[in-house]
Every structure is written in structure tokens, then in C-alpha cells.
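# Structure at a glance
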Amino acid sequence: MSSLDFEKEKSEFREFYSANQTNLENAKNAFCTLINSLLDHGNIPFTKIEGRVKDKDECIKKFQRKYQKELETSSKEYEIKNHITDLIGIRVVCLYEDDIEKIESILKEHFDIKGRTDKTHEIEKTENLFGYKGLHLDLLLNNIRSDLPEYQSIKVYQFEIQIRTIIQDSWSVLDHKIKYKKSIPEKLKRRINTLAALFELADREFKEIRDKTLKEEERLNETESDLEMEFKKEQDGELSLESSQPYALSEVYGYHKLNAFSFLKIAQHFFHDYQFEPHKVDGFTQEIINFEPNISRGKFNFYMKNSIAKVKEYKTFFENQNNSDKLNPYTMIRHCLFCSNKDVFENILSNTARENFENWLKQT
């Protein structure tokens, strides 16, 4: 029963905590697992989902600091557990600012939102840039989830979830290490504000880079005939690929130097069932450019089209001779480049691979 007797309520809270500690831990783990699954299903990338059950003494200190005086002044009886909304706390760290809104939208479908605090809005509406940004939600399983058998023992537990970007999370860690922020000299305040602004700028720039990357991928909608026409212009001497102004060439003639985006589009055309990982694409494209610095996407497409059938024949032969070894798409592209232009790409294959391939070519 609620009362105004702090010692009594403190004792009852300790009893409640001890009696429910195992269930609280189970609830925390179940909520983390559920949220992990929801975000995976929603294709939202994240770097971390972690939870904790707040220490009972920390709960009591928080109650004393935030609620006790006001409640007792107004003679409102209380139970400490009803004022600790973050007894179970979960943190989700995502990659981009706009992912926070997407995560909130997904959570609304499975939880009732009992409280919402937008830390970003709170900070931005003041001149004070101190403190971390992010979104805090107080959640309770909704009726649909609560009716499921697996949630019967934990459906009564409310929890707080903090949603931050990886940049906001980093600032939060550092922010807690900055001492005496309210009464330090103005010069130090300005330096902290500058640092906070740099973190905020980094958040926005990462999002902008992601958006520009996606637009660049979508922009590459050239057909096979477009790439062939580009290469034909090169062969006819209409494009001067030695120019120091490739962007001007692109605007006037349609010349496009090979990059990771165009490499991926062409490679996926020839190997449409293979998942090319971005970090590998980036390094492999640069390796090709190192061999032929002015290679265009049209020429790369020509190299592939010119020799892919031959390389597929060799792949069948090679794998029949070497049961445990396979030629993956990257290795096949290396063979295509070597086959199409041996002078330029002589060393794109290892010595053994080159000798084996050349011996096979002589026999066919």
C-alpha cells in the first residue's frame, strides 16, 4: 500500500525488487531478443542492443532526487516502484539519424508508448548544447503481444528504451566524462559547444553520404547498348582518356571512368546470383584501376563480355580437375581481364593461376 512513510516504502521496494529480480532479468532478455528480431525483420541496421536491470539502491537514490520532495510536499502517497520507469532499461544504437524515427515506428506496432522524451528536441530548442541526444520511450507490451503465451510472465513489466545513433552514443560516453559543465569558464563552454557541434555535423554527414551513395547506385541505369556505345567511342578515338578533366569528358562525351558503383552494376549483370560485399568491391575496383588508370566502365564491360564465355569454360575444366577448389566471381573477373588484355593485366593473376590458364588456352 502507498504511504508517505519513506522508510516503509523503501523497505517494501527492496522486497519487491528481490522477489522480482529473476523475472526482471528474464524480461530484459526477452525484450532485447524481441527488439533485435523486429529490427532485423525491418531491415534497419544497428550496432548494439543491450539491456540492464537498474540496481535497487540506484532506484531509491533516483526516487529521492527526482520525486520524494515534491510528493511529500503535496502530501501525495506513493510507492517507489511506480516512479521508476527505467527499472528495465534497453539501449539501441543505430547508424543514421533517420533510423531513429523508423525504429520508433516499428516499436509502436508491438508496444504501447507510455512516455516519450526527445532528447534531441530538448537540447536543440535551447542554447545549451551540453548533453547527449537521442530518443527515450517508456514501453509496455501491447494487447496482441501480451496475449501470446511466451510473454505471460513478463507482460506486466514496463521498460525504458533509449535509441541513439552511433555518433550520439559516442558523445554520450564522452559527455559523462566532462566535469563541471554548468559553471566552467566561458572559454571552456565554447570549446565543449564546438565539440558537440562537430559530433552533430558528423551525424548529418554520414546520413548525407549514405543518401548520395544510394542515389549514385540508382542513377546507373545504363543499358548494355549504352556501355557498348561508350566503348565504341573510345575505340573510334572520340574520347581522349588521357585528359586531366574526366568530369568534363563525362559531361561532353558521356565518358565515365570505372568506379565501385559501375563495377558493381556490371559485375552483377554477369554474376546476378552472387552477393558482392561493398568493402570487397571497393578494394577490387581500385586494384583494376591501378592496372589501367583510365579504364572506363564501357571498356570494363567489353573486357567482361569479350571473355566471360571462355572463362566459364575454364571454370568447368578447373573445378573438374580440382574438386576442392572453386573459382569465385572475383577470380573469374581476374581471368576475364587477363584474357582480354594480357599486356595490361599480366600480373592480376598469381604466377600459378596464370600458367594454368595459359596452358589451358593453348589446348583449346
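Details of the structure are given in the entry above.
Notes on the structure in this doc start here. Keep in mind that what you see is a predicted model, and the values were worked out from it rather than measured.

### Some thoughts on the overall build of the protein chain
A count of helices and strands for the protein chain gives 14 helices and 5 strands. The buried share of the protein chain, taken over its 364 residues, is 40%. Considering only residue pairs separated by 6 or more positions, the protein chain has 72% of its internal contacts joining residues 24 or more positions apart.

### Considerations on the side chain of Asp 203
Positionally, Asp 203 belongs in helix α7 (residues 186-219). Within the structure, Asp 203 has its side chain in polar contact with the side chain of Thr 165 (distance 2.8 Å). Ignoring sequence-local partners within four residues, the contact set of Asp 203 consists of Leu 95, Glu 97, Thr 165, Ile 167 and Gln 168.

### Considering the packing of helix α10 (residues 260-270) against helix α11 (residues 278-291)
Packing of α10 against α11 brings their axes to within 9 Å, and their N-to-C directions diverge by 100 degrees. In terms of axis orientation, α10 runs roughly perpendicular to α11. Across from Ala 260, Phe 263 and Leu 264 in α10, the residues of α11 making contact are Val 281, Asp 282, Phe 284, Thr 285 and Ile 288. Grouping the constituent residues of the contact of α10 with α11 by class yields 6 nonpolar, 1 polar and 1 charged.

### Examining the environment of Met 304
Of note, Met 304 is situated in helix α12 (residues 297-321). In sequence terms Met 304 and Ile 266 are 38 residues apart; their C-alpha atoms lie 8.7 Å from each other. Those residues in contact with Met 304 that sit more than four places away from it in its chain are Phe 270, Phe 271, Ile 333 and Cys 336.

### Structural notes on the environment of Glu 79
For Glu 79, the location among the structural elements is in the loop between α2 (56-73) and β2 (88-94). Residues Glu 79 and Leu 4, spaced 75 residues apart in sequence, show a C-alpha to C-alpha distance of 8.8 Å. Residue contacts for Glu 79: discarding those within four places in its chain leaves Met 1, Ser 2 and Glu 9.

### A look at the pairing of strand β5 (residues 159-165)
Most of β5 is tucked away: 7 of the 7 residues are buried. The alternating pattern of β5 places Phe 159, Ile 161, Ile 163 and Thr 165 on one face and Glu 160, Gln 162 and Arg 164 on the opposite face, and all of these are buried. Sheet topology places β2 next to β5; 6 bridges connect them, and they run parallel. Counterpart to Cys 94 in the pairing with β5 is Thr 165. Across 5 bridges, strand β4 (residues 135-141) lies against β5 in antiparallel orientation. By the bridge assignment for β5, Leu 137 is matched with Ile 161.

### Looking at the pattern of salt bridges
Taken as a whole and judged by the stated rule, the model has 23 salt bridges. The partner of Glu 50 in a salt bridge is Arg 91, and the shortest N-O contact between them spans 3.3 Å. Here Arg 91 lies in strand β2 and Glu 50 lies in strand β1 (residues 46-53), a separation of 41 residues in the sequence. The salt bridge partner of Glu 79 is Lys 81, with a shortest N-O separation of 4.0 Å. Salt bridges sharing partners connect three or more residues here, namely Lys 48, Glu 50, Arg 91, Arg 164 and Asp 169.

### Structural notes on a nonpolar patch on the surface
Taken together, the side chains of Leu 195, Leu 198 and Leu 201 make up a nonpolar region of the molecular surface, amounting to roughly 260 Å² of accessible area. Note that Leu 198 resides in helix α7.

### Structural notes on unusual backbone geometry
Phi is positive for Asn 43, close to 55 degrees, though the residue is something other than glycine. Along the chain, Asn 43 turns up in the loop between α1 (6-41) and β1. Phi at Ser 75 is positive, roughly 55 degrees, even though this residue is not glycine. With respect to the helices, strands and loops of the structure, Ser 75 is situated in the loop between α2 and β2. A residue is classified by how much of its surface remains accessible, and Ser 75, at 51% relative accessible area, is exposed.

### Some details on the sheet that holds β2
Taken in spatial order, the 5 strands make up an open sheet running β1-β2-β5-β4-β3, and their pairing is mixed. Both edges of this open sheet fall to β1 and β3 (111-118), since each of them pairs with a single strand only. The mean inter-strand angle of the sheet, taken between neighbouring strand axes irrespective of direction, is 20 degrees. Judged from the 7 bridges that link them, β1 and β2 form a sheet pairing that is antiparallel. Across the sheet, residue Ile 49 finds its bridge partner in β2, namely Val 92. Packed on one face of the sheet, α1 meets β1, β2, β3, β4 and β5 and runs near 165 degrees to β1. Helix-sheet contacts for helix α6 (residues 166-175) involve β1, β2 and β5, and the interaxial angle to β5 is about 105 degrees.

### Some remarks on the packing of α10 against α12
The interhelical angle for the contact between α10 and α12, taken along N-to-C directions, is 20 degrees, at an axis separation of 10 Å. Classified by the interaxial angle, the pair formed by α10 and α12 is roughly parallel. With respect to the hand of their crossing, α10 and α12 are arranged in right-handed fashion. Here Ser 262, Phe 263, Ile 266 and Phe 270 of α10 come into contact with α12, specifically with Arg 297, Phe 300, Asn 301, Met 304, Lys 305 and Ile 308. Across the contact of α10 with α12, the residue classes tally to 6 nonpolar, 2 polar and 2 charged.

Analysis parameters
- Residues numbered from 1 in each chain as written.
- Predicted model: local features only at pLDDT ≥ 70, side-chain atom pairs only at ≥ 80, totals over all residues.
- Heavy atoms only, no water.
- Helix = DSSP H or I, 4+ residues; strand = E, 2+ residues; numbered from the N terminus.
- Buried < 20%, exposed > 50% of the residue type's maximum accessible area, 1.4 Å probe, protein only.
- Contact = heavy atoms within 4.5 Å.
- Polar contact = N/O pair within 3.5 Å; in protein donor to acceptor, adjacent residues only side chain to side chain.
- Axes fitted to C-alpha atoms, helices over the stretch in contact; angles between N-to-C directions.
- Parallel < 35°, antiparallel > 145°, perpendicular 65-115°, else oblique.
- Nonpolar A, V, L, I, M, F, W, Y, C, P; charged D, E, K, R; others polar.
- Pairing = 2+ DSSP bridges.
- Salt bridge = Lys/Arg side-chain N within 4 Å of Asp/Glu carboxyl O.
- Patch = residues over 30% accessible without salt bridge, like charges linked within 9 Å, V, L, I, M, F, W, Y side chains within 5 Å.
- Areas by Shrake-Rupley, 256 points an atom, 1.4 Å probe, with all protein chains shown as cover.
- Left-handed = near helix turned anticlockwise from the far one by under 90°.

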